[in-house]
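# An overview of the molecular structure
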Amino acid sequence: MAEQDDILIQVRGLRNSFGEQVIHDGLDLDVRKGEILGVVGGSGTGKSVLMRTIIGLQTPDQGEITVFGQPTIGREATEAIDVRKRWGVLFQGGALFSTLTVAENVAVPLREFYRDLPQALMDEVASYKVVMAGLPADAGPKYPAELSGGMKKRAGLARALALDPELLFLDEPTAGLDPIGAAAFDQLIASLQKTLGLTVFLITHDLDTLYAICDRVAVLADKKVIAVGTIDELIALDHPWIEEYFKGPRGRAAVAAKDEVADIRPRSADAARHPTEVEAHATGQQAQGNAADAHARGEAGTR
Ligand SMILES: Nc1ncnc2c1ncn2[C@@H]1O[C@H](COP(=O)(O)OP(=O)(O)OP(=O)(O)O)[C@@H](O)[C@H]1O
């Protein structure tokens, strides 16, 4: 098992519900320092709700969550400020403010957390992050409506990087991108992770992303994380949903695509330290196989 110091995010006994609909029940998850953790599961299994709960936008019915060793549930925004400063978030679709330019969007977290920062410095940091996210320098004064889908994602990423985070949350970063744009975005994430030593919590349906850049993958089903491991370890679990997801036609295509390109990055040192660990969280995994198979066929996107 990973050492306690290696765990950046720890989730224990999480329960979330909306009215009668229970989304998570007894969900446990550890995210290790320095890894890119892919989070997969059928549509509606609660991946985004999990992310929102971890970052404090959703209050769960029950459970404990620590990030950087500090509890995040039930804390006032002002109390949790030191923790929130240490992460960046790219929401599904980018979630840019349409009335602000790219540079102004990037400056939003700077304004929120460093009110006294001189405007000139804020502009400088924003310009730097725009370029860091792979946008041309002249994208800064543009409005989101003037950007392509791929550029919007990069602008959202630039904003997520504004505070020099140690931890990055990405919700379906490659959704809606063309294959070349998606592969380029994967490369960008991988190289940022490597150069900045980031830990990345990455929700995706994109099998190519999982194969190309994730150290481990967590599978959400049946209101829990049913397993966490490398893709090979997950496949070895012989679980019907996991098998269909990774070994179905789209999974096979993703493997073929991966074999054609050089690996973007070596797996994280942390993952290498724990090469054989697979955490199968549920005992009754087989029970939800059939319903999950249907999800897998509908969800497992590849390029
Ligand atoms: N604010 C909310 N109020 C009521 N129900 C919600 C709310 N947010 C999410 N849900 C429900 O919770 C469930 C999980 O939603 P979530 O967005 O986390 O799924 P997901 O796994 O990210 O799905 P997808 O892969 O389609 O993005 C869905 O059934 C959704 O309708």
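Just so you know, these numbers come straight off a predicted model, no measurement behind them.

Once that is clear, we can look at helix H1 (residues 47-54). For H1, the buried fraction is high: six of the eight residues fall into the buried class. Looking one or two residues beyond H1, the residue adopting positive phi is glycine 56, at roughly 85°.

To continue, consider the sheet that holds strand S1 (residues 7-18). Paired through backbone hydrogen bonds, the strands of a sheet run either parallel or antiparallel to each other. One open sheet holds the four strands; their spatial order is S2-S1-S4-S5, and the pairing between them is antiparallel. At either margin of the open sheet sits one strand with a lone partner, and together these are strand S2 (21-32) and strand S5 (70-71). Bridge count between S1 and strand S4 (residues 62-67): five bridges; the pairing is antiparallel. Its bridge partner lying in S4, glutamine 10 is registered against threonine 66. Sitting on the sheet, H1 is in contact with S1, S2 and S4, with an inclination near 120° to S1.

Quick look at the site of the ligand now. The local shell around the ligand consists of Phe18, Ile23, Gly41, Ser43, Gly44, Thr45, Gly46, Lys47, Ser48 and Val49. Classifying every residue of the shell around the ligand gives three nonpolar, six polar and one charged.

All right, on to the pairing of strand S10 (residues 224-229) then. Working note: regular strand, side chains alternate between the two faces of the sheet. The element S10 is largely enclosed, with a buried count of six among its six residues. What sits between strand S9 (residues 216-221) and S10 in their antiparallel hairpin is a turn of two residues, with aspartate 222 showing a positive phi close to 55°.

Below, the discussion takes up the environment of leucine 170. For leucine 170, the position within the fold is in strand S7 (residues 167-171). Considered as a pair, leucine 170 and alanine 160 are 10 residues apart in the sequence and their alpha carbons are 9.0 Å apart. Ignoring any residue separated from it by four or fewer positions in sequence, one finds leucine 170 in contact with Leu90, Val200, Leu202 and Ile203.

Glancing now at the environment of alanine 103. Counting through the fold element by element, alanine 103 comes out in helix H3 (residues 102-113). A tally of 21 C-beta atoms within 10 Å means that alanine 103 is categorised as buried. Along the chain, alanine 103 and valine 130 lie 27 residues apart, while their C-alpha atoms are 7.3 Å from each other. Look past the residues within four positions of alanine 103 in its chain and what remains in contact with it is Asp123, Ala126, Ser127, Val130, Gly140 and Pro141.

Many descriptions give the size of an interface as the accessible area lost when the pieces come together. Entries for the chain in the domain assignment read domain 1 (4-86 + 166-299) and domain 2 (96-165). Every contact between the two is made by 11 residues of domain 1 and, on the other side, eight residues of domain 2. Elements with a contribution of two residues or more to the side of domain 1 that touches domain 2: S7 and helix H6 (179-196). Ranked by residue count, the leading element in the side of domain 1 that touches domain 2 is H6, at three residues. Classifying every residue of the side of domain 1 that touches domain 2 gives six nonpolar, two polar and three charged.

Criteria and thresholds
Residues numbered from 1 in each chain as written. Predicted model: local features only at pLDDT ≥ 70, side-chain atom pairs only at ≥ 80, totals over all residues. Buried ≥ 20, exposed ≤ 12 C-beta atoms within 10 Å, placed from the backbone. Helix = DSSP H or I, 4+ residues; strand = E, 2+ residues; numbered from the N terminus. Pairing = 2+ DSSP bridges. Contact = placed C-beta atoms within 7 Å. Axes fitted to C-alpha atoms, helices over the stretch in contact; angles between N-to-C directions. Near = placed C-beta within 6 Å. Nonpolar A, V, L, I, M, F, W, Y, C, P; charged D, E, K, R; others polar. Domains from an automatic or database assignment.

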